[in-house]
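# Structural description and commentary
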Amino acid sequence: MTHLEKVRELRARTDIHFNCCQSVLVTFAREMGLTEQQAFDLGANFGSGMRCGSACGALTGGLMVLGMTNCPPERADAFRNEFRAATGTLTVPPSSKPPMTPASPARSTATAWSSRW
């Protein structure tokens, strides 16, 4: 299963809610040296734009993954720019827009992580 497939699977679960940040962190838990439970707990307060409609959880989760896997700051900057280009925003989209899926952020995180060196 690819990272993107795992993110989608976690977001689709109905027995446990995974916010966007948790979906990204749990998907990359092994690469970060964390258990899935630790990654789930770490992302708990980053869903819904840090619970206040601010920075998107998929973005914050992706930046945490890049930090934990020693990506250079320039790669994190590129990831943030790719995220904005793909979604049109760095924040949780307003309800007037279609909901954002973690597909493109997860793809960008996977791409950034795999090209971290």
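I will try to describe carefully the structure that is included in this document. Every chain's residues receive numbers from 1 upward, in the order its sequence appears when written. Residues qualify for local features only when their pLDDT is at least 70, as the model is predicted, and side-chain atom pairs are given and counted only at 80 or more; totals for whole chains, interfaces and linings, by contrast, use all residues. Each side-chain value is worked out from all heavy atoms of the structure, with water and hydrogens disregarded.

### A few points about the pattern of salt bridges
- The rule for a salt bridge is simple: a side-chain nitrogen of Lys or Arg has to be within 4 Å of a carboxyl oxygen of Asp or Glu. With the rule as written, the count across this model stands at five salt bridges.
- One salt bridge in this structure joins Asp 15 and Arg 13, with 2.7 Å as the shortest N-O distance.
- The exposure class assigned to Arg 13 is partly exposed, which follows from its relative accessible area of 33%. Categorising residues by exposure relies on relative accessible area from a 1.4 Å probe, with only protein chains included: less than 20% of the type maximum marks a residue as buried, more than 50% marks it as exposed, and the intermediate range marks it as partly exposed.

### A short note on the packing of aromatic side chains
- Any two of the Phe, Tyr and Trp rings considered here, Trp counted by its six-membered ring, make a pair once their centres fall within 6.5 Å; the pair's planes then place it as stacked at under 30 degrees, edge-to-face at over 60, or tilted in between. All told, the structure shown has two aromatic pairs when counted by the stated rule.
- Ring geometry for Phe 18 and Phe 40: centres 5.2 Å apart, planes at 75 degrees, overall edge-to-face. With Phe 18 in the loop between helix H1 (3–12) and helix H2 (20–27) and Phe 40 in helix H4 (residues 36–42), this pair connects stretches of sequence that are 22 residues apart. Only DSSP runs of H or I with at least four residues qualify as helices, and only runs of E with at least two residues qualify as strands; both kinds are numbered from the N terminus onward.

### Brief notes about the packing of helix H6 (residues 57–68) against helix H7 (residues 73–87)
- To get an axis, a line is fitted to the C-alpha atoms, and for a helix only the part in contact is used. The angle between two axes follows their N-to-C directions and goes from 0 to 180 degrees. Two elements in contact, H6 and H7, have axes separated by 10 Å at closest approach and are oriented at 160 degrees. Taken as axis vectors, H6 and H7 run roughly antiparallel relative to one another. Between H6 and H7 the crossing geometry is right-handed. In this structure, H6 uses Ala 58, Leu 59, Gly 62, Leu 63 and Leu 66 to contact H7, whose residues at the interface are Arg 75, Ala 76, Phe 79, Arg 80 and Phe 83.
- Residue classes in the contact of H6 with H7 are distributed as seven nonpolar, one polar and two charged. Note on terminology: angles under 35 degrees are roughly parallel, angles over 145 are roughly antiparallel, angles of 65 to 115 are roughly perpendicular, and the others are oblique. The hand of a helix crossing depends on one turn: near helix anticlockwise from the far one by less than a right angle means left-handed, and clockwise means right-handed. Note on contacts: a residue pair qualifies if any of its non-hydrogen atoms lie within 4.5 Å across the two residues. Residues are grouped as follows: nonpolar covers Ala, Val, Leu, Ile, Met, Phe, Trp, Tyr, Cys and Pro; charged covers Asp, Glu, Lys and Arg; every other residue, Gly included, is treated as polar.

Such coordinate-based values are descriptive only and should not be taken to indicate function.
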